[in-house]
Amino acid sequence: MAWSVSFFIFISLLVFAPICFSFKSNNDYLYPQYYYRSCPKAQEIVKSIVAKAVAKEARMAASLLRLHFHDCFVKGCDASLLLDSSRGIVTEKGSNPNRNSARGFEVLDEIKSALEKECPQTVSCADILALAARDSTVLAGGPNWEVPLGRRDSRSASLSGSNNNIPAPNNTFSTILSKFKRQGLDLVDLVALSGSHTIGNSRCTSFRQRLYNQSGNSQPDSTLDQSYAAQLRNRCPKSGGDQNLFFLDFVSPTKFDNSYFKNLLASKGLLNSDQVLATKSQASLALVKQYAENNRLFFEHFAKSMVKMGNISPLTGSRGEIRKNCRKMN
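Residues numbered from 1 in each chain as written. Predicted model: local features only at pLDDT ≥ 70, side-chain atom pairs only at ≥ 80, totals over all residues. Heavy atoms only, no water.

An unreviewed UniProt entry lists the protein chain under the name Peroxidase, with Nicotiana tabacum as the source organism. The UniProt entry for the protein chain carries this comment under Subcellular location (unreviewed entry): "Secreted". Heading Catalytic activity (unreviewed entry) of the UniProt record for the protein chain holds this comment: "2 a phenolic donor + H2O2 = 2 a phenolic radical donor + 2 H2O". (UniProt positions renumbered as here; feature names shortened; annotations may be inferred.)

This is the structure we're talking about:
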């Protein structure tokens, strides 16, 4: 009888394999039910701590979402970003994209500490990043999705990879698209994931050139609405104020929605890397228009692209480790 039950379970798994095990990588699998037996409360613990952090500071939702993105674009989704400098490791936290801007590490520390008490050395920091990004999106009013799990943590970091692989605010459209394609992502992923800028802030130093000297001719960016530019200049002077914060989406800065795309169509994207989506490619512009008109379509594509991004070169099986502390190797 026991054999019959086991055989039935085995057959059931085969039947549902395309649904549960569709995220293959290096002969191992990521799947949402990965911790169901080893740490059944894992997702509940992550969600509760993220919810507490976002309730305390709405901006934290965007910060945690950004960490997952900045992690996955460097060596894959392996929590390399979370490692501090030590024992031959030069932290990615000091790279140009992360220095003075990457934040939320204390929230991840709290999550990891709680998970270590519940189920020691079971849930990876890489999976915590992926879950926190999903939960942050939902808490801000965005789409929900099942997060494939089973990633392991890197034993190394790459400062050069962080400097070179993560799209920069001043990159051209072709450079940004090339960086996405290098990760196995496409144009739809680029435009949909850029929609994460519907929440969060950016620093004056990240867009100052658009206000004063976009093309080296001491003129502002012609693709930036000039009344909006005038407002930005009030708190983003030619010199000084580098760390002054501005909403990426001034219409609904803490709500995850499609206002970001409507802003682009009105020439009111904050970063150059935002506005080029509507000015440098007809295919990209078409997607911007679709998302501006159809919030449901944006949510659908964003969720699919997040799963796709979360599957960039994960460490699975016996590769990597499960860190006890996300900031250092075991």
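(A) Fine view of the packing of aromatic side chains. Counted according to the given criterion, the structure contains 17 aromatic pairs. On the basis of an interplanar angle of 45° and a centroid distance of 4.6 Å, the ring pair of Phe69 and Phe73 is categorised as tilted. Judged by relative accessible area, which is 0%, Phe73 ranks as buried. Taking 5.1 Å as the distance between ring centres and 35° as the angle between the ring planes, the aromatic pair formed by Tyr228 and Phe250 counts as tilted. Of the two residues, Tyr228 sits in helix H10 (residues 226-233) while Phe250 sits in the loop between strand E4 (245-247) and helix H11 (259-265), which places them 22 residues apart along the sequence. Note on Phe250: relative accessible area 37%, which makes it partly exposed. Taken together, the ring pairs in this structure connect Trp145, Phe256, Tyr260, Phe261, Tyr291, Phe298, Phe299 and Phe302 into an aromatic cluster. Across the ring face of Phe105, the terminal group of Lys93 is positioned such that the distance to the ring centre comes to 4.3 Å. Taking the ring centre of Tyr212 as reference, the NZ or CZ of Arg233 above it sits at 5.9 Å. (Phe/Tyr/Trp six-rings, centres within 6.5 Å; stacked < 30°, edge-to-face > 60°. Buried < 20%, exposed > 50% of the residue type's maximum accessible area, 1.4 Å probe, protein only. Helix = DSSP H or I, 4+ residues; strand = E, 2+ residues; numbered from the N terminus. Lys NZ or Arg CZ within 6 Å of the ring centre and 35° of its normal.)

(B) Layout of the packing of helix H8 (residues 187-194) against helix H14 (residues 295-310). Close contact between H8 and H14 brings their axes to 8 Å; oriented N to C, the two are set at 110°. When the interaxial angle is binned, H8 and H14 end up roughly perpendicular. Crossing angle aside, the handedness with which H8 passes H14 is left-handed. Facing Val188, Asp189, Ala192 and Leu193 of H8, the residues of H14 in contact are Phe298, His301, Phe302, Ser305, Met306, Lys308 and Met309. Taken together, the residues that form the contact of H8 with H14 break down as seven nonpolar, two polar and two charged. (Axes fitted to C-alpha atoms, helices over the stretch in contact; angles between N-to-C directions. Parallel < 35°, antiparallel > 145°, perpendicular 65-115°, else oblique. Left-handed = near helix turned anticlockwise from the far one by under 90°. Contact = heavy atoms within 4.5 Å. Nonpolar A, V, L, I, M, F, W, Y, C, P; charged D, E, K, R; others polar.)

(C) Structural context of the packing of helix H4 (residues 105-118) against helix H5 (residues 125-139). Interaxial distance between H4 and H5 falls to 11 Å at its minimum, and their mutual angle equals 120°. It follows that H4 is oblique to H5 by the angle criterion. H5 is crossed by H4, and the crossing has right-handed handedness. Listed contacts from H5 to Leu108, Ile111, Lys112 and Leu115 of H4 are Cys125, Ile128, Leu129 and Ala132. Each residue belonging to the contact of H4 with H5 can be placed in one class, and the counts come to seven nonpolar, no polar and one charged.

(D) Representation of the environment of Ala140 within the structure. Note on placement: Ala140 falls in the loop between H5 and helix H6 (159-165). With 115 residues separating them in the primary sequence, Ala140 and Lys255 have C-alpha atoms 5.3 Å apart. When residues no more than four places from it in sequence are discounted, the contact partners of Ala140 are Ala61, Ile199, Thr254, Lys255 and Phe256.

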